[in-house]
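An overview of the molecular structure
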Amino acid sequence: PPPPPLGPPLAPPLESSSYTQTLGCCRGAGWEDNNEEAEGAQTVNLCAVACSASPTCVAFDILLNGGDCYLFSVDVTGTVEGCPADARCYVKHLPPSAPPPPSPPPPSLP
């Protein structure tokens, strides 16, 4: 008999090389105005997929026991103070920025 059909594809596993896990909620300068909830992303994997898909996302936080996923667009790190014990902040490893192209030489005068 043919094998049973496969279910919907699972979210790709969290690439630990792409994020650094820190304890607590993501906090940093300006975090209050630079975060958004990723609707429906209630697991670390789904939250990571949402952050990876966003060009402005540099980190996300989520409660490991199930909770809302928040994406951050400013530099943050995990802060335990005032956060639930199962809160984790995942900071994206950003590629080093490429150096700007060299300036063209000034036009030579006649």
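Residues numbered from 1 in each chain as written. Predicted model: local features only at pLDDT ≥ 70, side-chain atom pairs only at ≥ 80, totals over all residues. Heavy atoms only, no water.

1. Considering the overall build of the chain
As a reminder of what qualifies: For helices the rule is a DSSP run of H or I covering at least 4 residues; for strands it is a run of E covering at least 2, with both sets numbered from the N terminus onward. Three exposure classes are used, based on accessible area relative to the maximum for each residue type with a 1.4 Å probe and protein chains only: buried under 20%, partly exposed in between, and exposed over 50%. For this analysis, residues touch if any pair of their heavy atoms sits within 4.5 Å. Here the Shrake-Rupley method, with its probe set to 1.4 Å, supplies the accessible areas, and only the displayed protein chains count as covering residues.
Assigned secondary structure in the chain consists of one helix and seven strands. Taking all 110 residues of the chain together, the buried fraction comes to 28%. Contacts spanning at least 24 positions in sequence make up 71% of the contacts within the chain whose residues lie at least 6 apart. A total of about 7600 Å² of accessible surface is found on the chain, and carbon and sulfur atoms cover 63% of it.

2. Quick notes on the sheet that holds strand E5 (residues 70-72)
Rule in force here: What makes two strands pair is DSSP finding at least two bridges between them. Lines fitted to the C-alpha atoms define the axes, with helices restricted to the stretch that makes contact. Angles between their N-to-C directions range from 0 to 180 degrees.
If you walk across this open sheet you meet the five strands as E1-E7-E4-E5-E3, and the pairing is antiparallel. Only two strands of the sheet have a single neighbouring strand rather than two, namely strand E1 (19-23) and strand E3 (35-37). For this sheet, the mean inter-axis angle between neighbouring strands, taken without regard to orientation, is 25 degrees. Both strand E4 (residues 59-63) and E5 contribute to a ladder of three bridges, which runs antiparallel. In the strand pairing of E5, alanine 59 is matched with phenylalanine 72. Helix H1 (residues 44-53) rests against E1, E4, E5 and strand E7 (87-92) of the sheet, and its axis sits at about 160 degrees to E4.

3. Examining the packing of aromatic side chains
Heads up, the rule is: Aromatic pairs are defined between Phe, Tyr and Trp rings, using the six-membered ring for Trp, whenever the two ring centres lie within 6.5 Å; interplanar angles under 30 degrees are classed as stacked, those over 60 as edge-to-face, and all others as tilted. Cation placement over rings: the criterion is NZ of Lys or CZ of Arg within 6 Å of the ring centroid and within 35° of the ring normal.
In the structure shown here, the tally under the stated rule is two aromatic pairs. Centroid distance tyrosine 19 to phenylalanine 60: 5.2 Å. Interplanar angle 70 degrees. Geometry classified as edge-to-face. With tyrosine 19 in strand E1 and phenylalanine 60 in strand E4, this residue pair connects regions lying 41 residues apart in the sequence. When sorted by exposure, tyrosine 19 lands in the same class as phenylalanine 60, which is buried. With a centroid separation of 4.8 Å and 15 degrees between ring planes, the pair formed by phenylalanine 60 and tyrosine 90 is classed as stacked. A residue pair is termed long-range when its members are at least 10 positions apart, and phenylalanine 60 in strand E4 and tyrosine 90 in strand E7 qualify at 30 residues. Relative accessible area serves as the criterion here: at 5%, tyrosine 90 is assigned to the buried category. Members of the aromatic cluster, each reached through a chain of ring pairs, are Tyr19, Phe60 and Tyr90. Between the NZ or CZ atom of arginine 27 and the centre of the ring of tryptophan 31, over which it lies, the distance is 3.6 Å.

4. Details of the state of the cysteines
This is how the line gets drawn: Note on terminology: disulfide denotes any pair of cysteine sulfur atoms within 2.5 Å.
The tally for this structure, following the rule as stated, stands at four disulfides. Disulfide pairing is shown between cysteine 25 and cysteine 83; the S-S distance is 2.2 Å. Here the residue cysteine 25 occupies a position in strand E2 (residues 25-27), and cysteine 83 occupies one in the loop between strand E6 (77-79) and E7, the gap between them amounting to 58 residues. Of the two residues, cysteine 25 and cysteine 83, both sit in the buried class. At a sulfur-sulfur separation of 2.0 Å, the disulfide partner of cysteine 26 is cysteine 89.

5. Regarding H1
Heads up, the condition is: The arc refers to the directions leading from the helix axis to the C-beta atoms.
Three or more residues of H1 are buried, namely Val44, Cys47, Ala48 and Cys51. Buried residues of H1 fall within an arc of 100 degrees about the axis and therefore sit on the same side. Taken together, the buried residues of H1 touch E1, E4, E5 and E7.

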